[in-house]
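# Chain and residue survey
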Amino acid sequence: MGFSASVADSSLHGSEFSTESAGPDGLSPAPPSCRGMTASKDTLNGRTESPLGAALAMGAGVLSTRRHPELEAAARWAMRQRRLVRIFPRVYVPTELIADTRVRAAALCAADPAAVITGRTAAALTWAPALSGGDIEAVSQLRPKPGYRFVRRTIHPELVIRCEGSNVLCPAASAVELVTDLGGRIIDEALRAGIPLEALWQALELAPGRRGNAMRRRLLRDSRDQPWSEAERLAHELLRAALIHGWRANVLVGLPAGSAYLDIAFERLLLAFEIDGFEFHGSRQRFTLDRERDAQLALRGWRVIRVPATMVFDTPEKFVELVRGLVAQQEAGRTGPTTKLAHS
(Lines give C-alpha, C1' and ligand atoms only; values in the text may rest on other atoms or scores of the structure.)
Protein backbone atom coordinates (compact mmCIF):
# COMPACT_ATOMS: atom_id res chain seq x y z
CA MET A 1 0.00 0.00 0.00
CA GLY A 2 1.10 3.52 -0.59
CA PHE A 3 0.16 4.97 2.76
CA SER A 4 2.10 7.93 4.09
CA ALA A 5 4.69 7.50 6.82
CA SER A 6 3.96 10.94 8.28
CA VAL A 7 0.95 11.49 10.51
CA ALA A 8 1.72 14.84 12.09
CA ASP A 9 -0.38 16.95 9.72
CA SER A 10 -3.54 14.87 9.83
CA SER A 11 -6.33 16.03 12.12
CA LEU A 12 -7.52 12.42 12.24
CA HIS A 13 -5.01 11.60 14.92
CA GLY A 14 -5.97 14.44 17.25
CA SER A 15 -3.77 16.54 19.50
CA GLU A 16 -3.47 13.63 21.92
CA PHE A 17 -1.96 11.44 19.24
CA SER A 18 0.38 13.74 17.28
CA THR A 19 3.73 14.76 18.68
CA GLU A 20 6.85 16.34 17.30
CA SER A 21 9.04 13.53 18.60
CA ALA A 22 9.97 10.71 16.26
CA GLY A 23 8.09 7.44 16.58
CA PRO A 24 9.66 4.02 17.00
CA ASP A 25 10.46 3.76 13.29
CA GLY A 26 12.47 7.00 13.42
CA LEU A 27 10.30 8.51 10.69
CA SER A 28 6.82 9.34 11.84
CA PRO A 29 5.39 10.78 15.06
CA ALA A 30 3.72 8.14 17.19
CA PRO A 31 0.82 8.07 19.64
CA PRO A 32 2.05 8.31 23.23
CA SER A 33 0.77 4.78 23.87
CA CYS A 34 3.15 3.50 21.18
CA ARG A 35 6.20 5.18 22.66
CA GLY A 36 8.10 3.48 25.48
CA MET A 37 6.80 0.04 24.57
CA THR A 38 10.00 -1.34 23.05
CA ALA A 39 10.95 -4.68 24.58
CA SER A 40 13.48 -4.32 27.37
CA LYS A 41 16.93 -5.93 27.44
CA ASP A 42 15.73 -8.25 30.19
CA THR A 43 12.77 -9.32 28.08
CA LEU A 44 15.13 -10.07 25.18
CA ASN A 45 17.17 -12.43 27.35
CA GLY A 46 19.69 -9.74 28.25
CA ARG A 47 21.60 -10.39 25.02
CA THR A 48 21.27 -7.13 23.14
CA GLU A 49 25.06 -7.08 22.88
CA SER A 50 24.87 -10.06 20.46
CA PRO A 51 23.88 -9.60 16.79
CA LEU A 52 20.71 -11.61 17.40
CA GLY A 53 19.78 -9.63 20.51
CA ALA A 54 20.54 -6.32 18.80
CA ALA A 55 18.33 -7.23 15.85
CA LEU A 56 15.50 -8.19 18.21
CA ALA A 57 15.87 -4.90 20.08
CA MET A 58 15.85 -2.93 16.82
CA GLY A 59 12.72 -4.82 15.73
CA ALA A 60 10.89 -4.16 19.01
CA GLY A 61 11.00 -7.86 19.88
CA VAL A 62 10.63 -9.20 16.33
CA LEU A 63 13.38 -10.65 14.12
CA SER A 64 12.86 -10.89 10.38
CA THR A 65 15.61 -12.88 8.67
CA ARG A 66 14.42 -11.43 5.39
CA ARG A 67 15.91 -8.20 6.69
CA HIS A 68 18.77 -9.99 8.45
CA PRO A 69 19.52 -13.09 6.35
CA GLU A 70 22.88 -13.48 8.07
CA LEU A 71 21.02 -14.32 11.30
CA GLU A 72 18.90 -17.19 9.96
CA ALA A 73 21.20 -19.89 11.33
CA ALA A 74 21.42 -18.18 14.74
CA ALA A 75 17.64 -17.78 14.85
CA ARG A 76 17.11 -21.48 14.12
CA TRP A 77 19.62 -22.40 16.81
CA ALA A 78 17.80 -20.12 19.30
CA MET A 79 14.51 -21.75 18.28
CA ARG A 80 15.95 -25.19 19.04
CA GLN A 81 16.99 -23.80 22.42
CA ARG A 82 13.36 -22.64 22.88
CA ARG A 83 14.48 -19.04 23.21
CA LEU A 84 12.72 -18.01 19.97
CA VAL A 85 9.48 -19.03 18.29
CA ARG A 86 8.94 -18.82 14.53
CA ILE A 87 5.57 -17.13 14.25
CA PHE A 88 5.65 -16.63 10.46
CA PRO A 89 8.12 -17.92 7.86
CA ARG A 90 11.46 -16.25 8.64
CA VAL A 91 9.86 -14.16 11.42
CA TYR A 92 10.88 -14.96 15.02
CA VAL A 93 9.92 -13.59 18.43
CA PRO A 94 11.20 -14.38 21.96
CA THR A 95 9.29 -17.25 23.53
CA GLU A 96 8.18 -15.12 26.49
CA LEU A 97 6.63 -12.52 24.15
CA ILE A 98 4.54 -14.93 22.09
CA ALA A 99 1.29 -13.69 23.71
CA ASP A 100 2.18 -9.98 23.58
CA THR A 101 -0.33 -8.14 21.37
CA ARG A 102 2.20 -5.55 20.23
CA VAL A 103 4.82 -8.15 19.32
CA ARG A 104 2.32 -10.37 17.50
CA ALA A 105 1.11 -7.38 15.47
CA ALA A 106 4.67 -6.36 14.60
CA ALA A 107 5.44 -9.95 13.58
CA LEU A 108 2.57 -9.86 11.11
CA CYS A 109 3.81 -6.62 9.59
CA ALA A 110 7.30 -8.10 9.32
CA ALA A 111 5.85 -11.05 7.42
CA ASP A 112 3.51 -8.89 5.32
CA PRO A 113 4.79 -5.30 5.08
CA ALA A 114 1.50 -4.25 3.44
CA ALA A 115 -0.62 -5.52 6.34
CA VAL A 116 -2.62 -3.00 8.41
CA ILE A 117 -3.69 -3.75 11.99
CA THR A 118 -7.40 -3.01 12.45
CA GLY A 119 -10.29 -3.40 14.88
CA ARG A 120 -9.78 -4.02 18.59
CA THR A 121 -6.07 -4.68 18.06
CA ALA A 122 -5.52 -1.25 16.49
CA ALA A 123 -7.46 0.46 19.27
CA ALA A 124 -5.51 -1.46 21.94
CA LEU A 125 -2.18 -0.44 20.42
CA THR A 126 -2.98 3.26 20.11
CA TRP A 127 -5.57 4.48 22.62
CA ALA A 128 -7.64 1.74 24.31
CA PRO A 129 -5.32 -0.80 26.03
CA ALA A 130 -8.30 -2.44 27.73
CA LEU A 131 -9.18 -3.95 24.35
CA SER A 132 -5.88 -5.83 24.19
CA GLY A 133 -5.92 -9.59 23.86
CA GLY A 134 -7.63 -12.06 21.56
CA ASP A 135 -6.91 -12.53 17.89
CA ILE A 136 -4.86 -9.99 15.98
CA GLU A 137 -7.23 -8.30 13.50
CA ALA A 138 -5.72 -7.07 10.26
CA VAL A 139 -6.04 -6.46 6.55
CA SER A 140 -3.53 -8.86 5.03
CA GLN A 141 -2.89 -11.00 1.97
CA LEU A 142 -1.54 -13.86 4.09
CA ARG A 143 -3.39 -17.11 4.59
CA PRO A 144 -5.51 -17.53 7.74
CA LYS A 145 -3.53 -18.49 10.84
CA PRO A 146 -4.55 -19.36 14.43
CA GLY A 147 -4.46 -16.26 16.62
CA TYR A 148 -5.01 -13.94 13.65
CA ARG A 149 -8.09 -12.80 11.73
CA PHE A 150 -7.44 -11.45 8.24
CA VAL A 151 -9.75 -9.64 5.85
CA ARG A 152 -9.10 -8.07 2.48
CA ARG A 153 -10.22 -4.54 1.79
CA THR A 154 -8.81 -1.18 0.75
CA ILE A 155 -7.89 1.31 3.49
CA HIS A 156 -7.37 4.98 2.73
CA PRO A 157 -3.70 5.88 3.37
CA GLU A 158 -4.64 8.82 5.61
CA LEU A 159 -6.18 6.35 8.07
CA VAL A 160 -2.91 4.50 8.69
CA ILE A 161 -0.13 5.37 11.15
CA ARG A 162 3.10 3.63 12.11
CA CYS A 163 3.21 2.23 15.65
CA GLU A 164 5.96 0.02 17.14
CA GLY A 165 6.85 -1.67 13.87
CA SER A 166 3.26 -2.06 12.70
CA ASN A 167 0.99 -0.29 10.25
CA VAL A 168 -2.06 0.51 12.34
CA LEU A 169 -5.44 2.15 11.82
CA CYS A 170 -5.31 5.58 13.43
CA PRO A 171 -7.28 6.06 16.69
CA ALA A 172 -10.25 7.76 15.04
CA ALA A 173 -10.56 5.08 12.36
CA SER A 174 -10.33 2.20 14.85
CA ALA A 175 -13.03 3.78 17.02
CA VAL A 176 -15.37 4.27 14.07
CA GLU A 177 -14.74 0.74 12.84
CA LEU A 178 -15.67 -0.76 16.23
CA VAL A 179 -19.07 0.96 16.38
CA THR A 180 -20.72 -2.05 14.73
CA ASP A 181 -19.38 -4.31 17.50
CA LEU A 182 -19.50 -2.06 20.56
CA GLY A 183 -22.17 0.50 19.70
CA GLY A 184 -22.16 4.09 20.84
CA ARG A 185 -20.07 3.43 23.94
CA ILE A 186 -16.89 3.14 21.86
CA ILE A 187 -17.56 6.65 20.54
CA ASP A 188 -18.10 7.85 24.10
CA GLU A 189 -14.79 6.31 25.16
CA ALA A 190 -13.01 7.80 22.16
CA LEU A 191 -14.32 11.27 22.98
CA ARG A 192 -13.33 10.79 26.62
CA ALA A 193 -9.84 9.76 25.45
CA GLY A 194 -9.46 13.04 23.56
CA ILE A 195 -10.17 11.93 19.99
CA PRO A 196 -12.01 14.85 18.36
CA LEU A 197 -15.52 14.27 17.01
CA GLU A 198 -14.39 15.92 13.76
CA ALA A 199 -11.69 13.24 13.40
CA LEU A 200 -14.30 10.49 13.84
CA TRP A 201 -16.42 12.02 11.09
CA GLN A 202 -13.41 12.32 8.81
CA ALA A 203 -12.51 8.68 9.39
CA LEU A 204 -16.04 7.66 8.42
CA GLU A 205 -15.95 9.74 5.25
CA LEU A 206 -12.63 8.16 4.22
CA ALA A 207 -14.16 4.66 4.42
CA PRO A 208 -17.25 4.91 2.18
CA GLY A 209 -19.42 1.97 1.23
CA ARG A 210 -18.61 -0.21 4.27
CA ARG A 211 -21.28 -2.38 5.77
CA GLY A 212 -22.51 -0.75 8.98
CA ASN A 213 -21.81 2.83 7.87
CA ALA A 214 -25.47 3.78 8.27
CA MET A 215 -25.26 2.80 11.95
CA ARG A 216 -21.91 4.57 12.34
CA ARG A 217 -23.32 7.75 10.79
CA ARG A 218 -26.42 7.66 12.99
CA LEU A 219 -24.42 7.25 16.20
CA LEU A 220 -21.94 9.95 15.22
CA ARG A 221 -24.87 12.26 14.54
CA ASP A 222 -26.23 11.39 17.99
CA SER A 223 -22.80 12.29 19.36
CA ARG A 224 -22.96 15.91 18.22
CA ASP A 225 -23.12 17.01 21.87
CA GLN A 226 -20.10 14.77 22.61
CA PRO A 227 -21.33 12.44 25.38
CA TRP A 228 -18.73 10.70 27.53
CA SER A 229 -20.90 7.77 28.63
CA GLU A 230 -23.94 5.77 27.53
CA ALA A 231 -26.07 7.49 30.17
CA GLU A 232 -25.00 10.93 28.94
CA ARG A 233 -25.71 9.89 25.34
CA LEU A 234 -29.26 8.87 26.26
CA ALA A 235 -29.74 12.02 28.36
CA HIS A 236 -28.78 14.17 25.36
CA GLU A 237 -31.21 12.28 23.14
CA LEU A 238 -34.01 12.75 25.68
CA LEU A 239 -33.39 16.50 26.01
CA ARG A 240 -33.32 16.98 22.24
CA ALA A 241 -36.51 14.94 21.79
CA ALA A 242 -38.23 17.01 24.52
CA LEU A 243 -37.13 20.24 22.75
CA ILE A 244 -35.28 21.41 25.84
CA HIS A 245 -32.70 23.92 24.64
CA GLY A 246 -30.02 26.17 26.10
CA TRP A 247 -27.67 23.45 27.38
CA ARG A 248 -24.21 22.23 26.44
CA ALA A 249 -22.37 19.04 27.32
CA ASN A 250 -19.04 18.67 29.14
CA VAL A 251 -18.66 22.37 29.85
CA LEU A 252 -15.31 23.27 31.40
CA VAL A 253 -15.56 25.56 34.46
CA GLY A 254 -12.53 27.02 36.20
CA LEU A 255 -12.37 26.52 39.97
CA PRO A 256 -10.01 27.77 42.70
CA ALA A 257 -8.48 24.29 42.86
CA GLY A 258 -8.30 23.38 39.18
CA SER A 259 -11.31 22.95 36.90
CA ALA A 260 -14.39 20.79 36.40
CA TYR A 261 -16.34 19.39 33.47
CA LEU A 262 -20.11 19.61 33.86
CA ASP A 263 -22.07 16.81 32.18
CA ILE A 264 -25.00 19.01 31.14
CA ALA A 265 -24.87 22.75 31.78
CA PHE A 266 -27.37 25.54 31.30
CA GLU A 267 -24.69 28.21 31.46
CA ARG A 268 -27.00 31.23 31.40
CA LEU A 269 -28.88 29.84 34.39
CA LEU A 270 -25.80 28.48 36.21
CA LEU A 271 -27.66 25.18 36.41
CA ALA A 272 -25.84 21.85 35.91
CA PHE A 273 -26.88 18.20 35.85
CA GLU A 274 -24.35 15.48 36.67
CA ILE A 275 -25.25 11.98 35.47
CA ASP A 276 -23.76 9.66 38.08
CA GLY A 277 -23.12 6.04 37.18
CA PHE A 278 -21.88 3.68 39.89
CA GLU A 279 -18.86 2.68 37.78
CA PHE A 280 -17.27 6.14 38.06
CA HIS A 281 -18.92 7.55 41.16
CA GLY A 282 -19.36 4.54 43.47
CA SER A 283 -16.19 4.77 45.55
CA ARG A 284 -15.77 6.66 48.82
CA GLN A 285 -12.94 8.72 47.31
CA ARG A 286 -15.04 9.65 44.26
CA PHE A 287 -17.98 10.53 46.53
CA THR A 288 -15.78 12.91 48.55
CA LEU A 289 -14.19 14.51 45.50
CA ASP A 290 -17.59 15.06 43.88
CA ARG A 291 -18.92 16.86 46.96
CA GLU A 292 -15.82 19.02 47.29
CA ARG A 293 -16.15 19.99 43.63
CA ASP A 294 -19.87 20.76 44.05
CA ALA A 295 -19.06 23.06 46.97
CA GLN A 296 -16.54 24.96 44.85
CA LEU A 297 -19.09 25.24 42.05
CA ALA A 298 -21.66 26.59 44.53
CA LEU A 299 -19.20 29.34 45.46
CA ARG A 300 -19.17 30.28 41.78
CA GLY A 301 -22.98 30.48 41.77
CA TRP A 302 -23.69 27.09 40.18
CA ARG A 303 -26.58 24.89 41.24
CA VAL A 304 -25.58 21.25 40.71
CA ILE A 305 -28.16 18.47 40.50
CA ARG A 306 -26.81 14.93 40.69
CA VAL A 307 -28.97 12.42 38.84
CA PRO A 308 -28.41 8.66 39.07
CA ALA A 309 -27.82 7.05 35.70
CA THR A 310 -30.58 4.56 36.56
CA MET A 311 -33.13 7.39 36.35
CA VAL A 312 -32.02 8.19 32.79
CA PHE A 313 -32.18 4.51 31.76
CA ASP A 314 -35.20 3.27 33.74
CA THR A 315 -37.52 6.29 34.03
CA PRO A 316 -36.51 8.71 31.27
CA GLU A 317 -39.79 10.61 31.54
CA LYS A 318 -38.93 11.50 35.17
CA PHE A 319 -35.53 12.75 34.08
CA VAL A 320 -37.05 15.01 31.42
CA GLU A 321 -39.69 16.26 33.88
CA LEU A 322 -36.98 17.02 36.45
CA VAL A 323 -34.85 18.99 34.00
CA ARG A 324 -37.82 20.89 32.60
CA GLY A 325 -39.07 21.78 36.08
CA LEU A 326 -35.69 22.93 37.42
CA VAL A 327 -34.98 24.99 34.31
CA ALA A 328 -38.35 26.72 34.76
CA GLN A 329 -37.62 27.25 38.44
CA GLN A 330 -34.20 28.71 37.71
CA GLU A 331 -35.67 30.90 35.00
CA ALA A 332 -38.08 32.28 37.58
CA GLY A 333 -35.15 33.32 39.72
CA ARG A 334 -35.43 30.68 42.41
CA THR A 335 -32.20 29.16 43.67
CA GLY A 336 -31.38 26.28 45.93
CA PRO A 337 -28.49 24.28 47.32
CA THR A 338 -26.75 21.45 45.53
CA THR A 339 -29.17 18.52 45.52
CA LYS A 340 -28.58 14.75 45.55
CA LEU A 341 -31.53 12.75 44.26
CA ALA A 342 -32.36 9.28 45.52
CA HIS A 343 -33.90 7.13 42.84
CA SER A 344 -36.31 4.49 43.95
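Because the structure is a prediction, the values reported are computed rather than measured.

### Focus on the overall build of the protein chain
Helix and strand counts for the protein chain come out as 14 helices and 13 strands. With 344 residues in all, the protein chain has 48% of them scored as buried. Once local pairs closer than 6 in sequence are excluded, the contacts in the protein chain between residues at least 24 apart make up 57%. Approximately 16,900 Å² of the protein chain is accessible, and the part contributed by carbon and sulfur atoms is 53%.

### Digging into the pattern of salt bridges
This structure, assessed with the given rule, holds 16 salt bridges. Notably, a salt bridge pairs Arg293 with Glu274, separated by 2.6 Å at the nearest N-O pair. Taken together, the residues span a long stretch of sequence, with Arg293 in helix H12 (residues 284-299) and Glu274 in strand E11 (residues 271-276) at a distance of 19 residues. Note that Arg306 is salt-bridged to Asp290, the shortest N-O span being 3.9 Å. Of this pair, Arg306 sits in strand E12 (residues 303-308) while Asp290 sits in helix H12, and the two are 16 residues apart along the sequence. Relative accessible area serves as the criterion here: at 1%, Arg306 is assigned to the buried category. Taken together, the shared-partner salt bridges connect Asp276, Asp290, Asp294 and Arg306 into one network.

### Some thoughts on the nonpolar core
With 57 residues, the main nonpolar core has Leu108, Ile117 and Leu200 as its most contacted residues. A per-element tally of this core places helix H3 (residues 101-111) first, with eight residues. Ignoring sequence-local partners within four residues, the contact set of Leu108 consists of Phe88, Ala115, Ile117, Ile136, Ala138, Ser140, Leu142, Tyr148 and Phe150.

### Examining the sheet that holds strand E3 (residues 91-94)
With antiparallel pairing, the three strands of this open sheet are ordered in space as E1-E3-E2. Whereas interior strands pair on both sides, the edge strands pair on one side only; in this sheet they are strand E1 (63-64) and strand E2 (84-88). Note: E2 against E3, four bridges, orientation antiparallel. Its bridge partner lying in E3, Val85 is registered against Val93.

### Description of the packing of helix H10 (residues 230-241) against helix H14 (residues 316-331)
Running from N to C, H10 and H14 point in directions that differ by 65°, and their axes come no closer than 10 Å. The interaxial crossing formed by H10 with H14 has right-handed handedness. Of the residues in H14, those in contact with Ala235, Leu238 and Leu239 of H10 are Pro316, Phe319, Val320 and Val323.

### Considerations on the environment of Ala242
Residue position: Ala242 is located in the loop between H10 and strand E9 (248-255). The spatial distance from the C-alpha of Ala242 to the C-alpha of Val320 is 7.3 Å, given a sequence separation of 78 residues.

### Things to note about the pairing of strand E5 (residues 136-139)
On any regular strand, side chains alternate: one points to one face of the sheet, the next to the other face. Every second residue of E5 is oriented toward a common face, with Ile136 and Ala138 on one face and Glu137 and Val139 on the other, all of them buried. Two strands pair when backbone bridges link them, and strand E4 (residues 116-117) and E5 are joined in this way by two bridges, in the antiparallel orientation. Bridge pairing in E5 places Val116 opposite Val139. Sheet topology places E5 next to strand E6 (residues 148-151); four bridges connect them, and they run parallel. From the neighbouring strand, Ile136 faces E6, where its bridge partner is Tyr148.

### Re the packing of helix H8 (residues 197-205) against helix H9 (residues 213-222)
The N-to-C vectors of H8 and H9 enclose an angle of 160°; their axes lie 11 Å apart at closest approach. Between H8 and H9, the crossing angle belongs to the class labelled roughly antiparallel. Judged by the twist between their axes, the crossing of H8 over H9 is left-handed. Where H8 abuts H9, its residues Leu197, Leu200, Trp201, Leu204 and Glu205 lie against Asn213, Arg216, Arg217, Leu220 and Arg221. For the contact of H8 with H9, a count of residues per class yields five nonpolar, one polar and four charged.

### Quick notes on H10
For H10, which comprises twelve residues, the first-to-last C-alpha distance of 17 Å matches the rise-based estimate of 16 Å (1.5 Å per residue) to within 8%. All of the buried residues along H10 are Ala231, Glu232, Arg233, Ala235, His236, Leu238, Leu239 and Arg240. Taken from the residues just after H10, Leu243 is the one with a positive phi, measuring 60°.

About the thresholds
- Residues numbered from 1 in each chain as written.
- Predicted model: local features only at pLDDT ≥ 70, side-chain atom pairs only at ≥ 80, totals over all residues.
- Heavy atoms only, no water.
- Helix = DSSP H or I, 4+ residues; strand = E, 2+ residues; numbered from the N terminus.
- Buried < 20%, exposed > 50% of the residue type's maximum accessible area, 1.4 Å probe, protein only.
- Contact = heavy atoms within 4.5 Å.
- Areas by Shrake-Rupley, 256 points an atom, 1.4 Å probe, with all protein chains shown as cover.
- Salt bridge = Lys/Arg side-chain N within 4 Å of Asp/Glu carboxyl O.
- Core = buried A, V, L, I, M, F, W, Y, C linked by side-chain atoms within 4.5 Å.
- Pairing = 2+ DSSP bridges.
- Axes fitted to C-alpha atoms, helices over the stretch in contact; angles between N-to-C directions.
- Left-handed = near helix turned anticlockwise from the far one by under 90°.
- Parallel < 35°, antiparallel > 145°, perpendicular 65-115°, else oblique.
- Nonpolar A, V, L, I, M, F, W, Y, C, P; charged D, E, K, R; others polar.
- Expected span 1.5 Å × (residues − 1).

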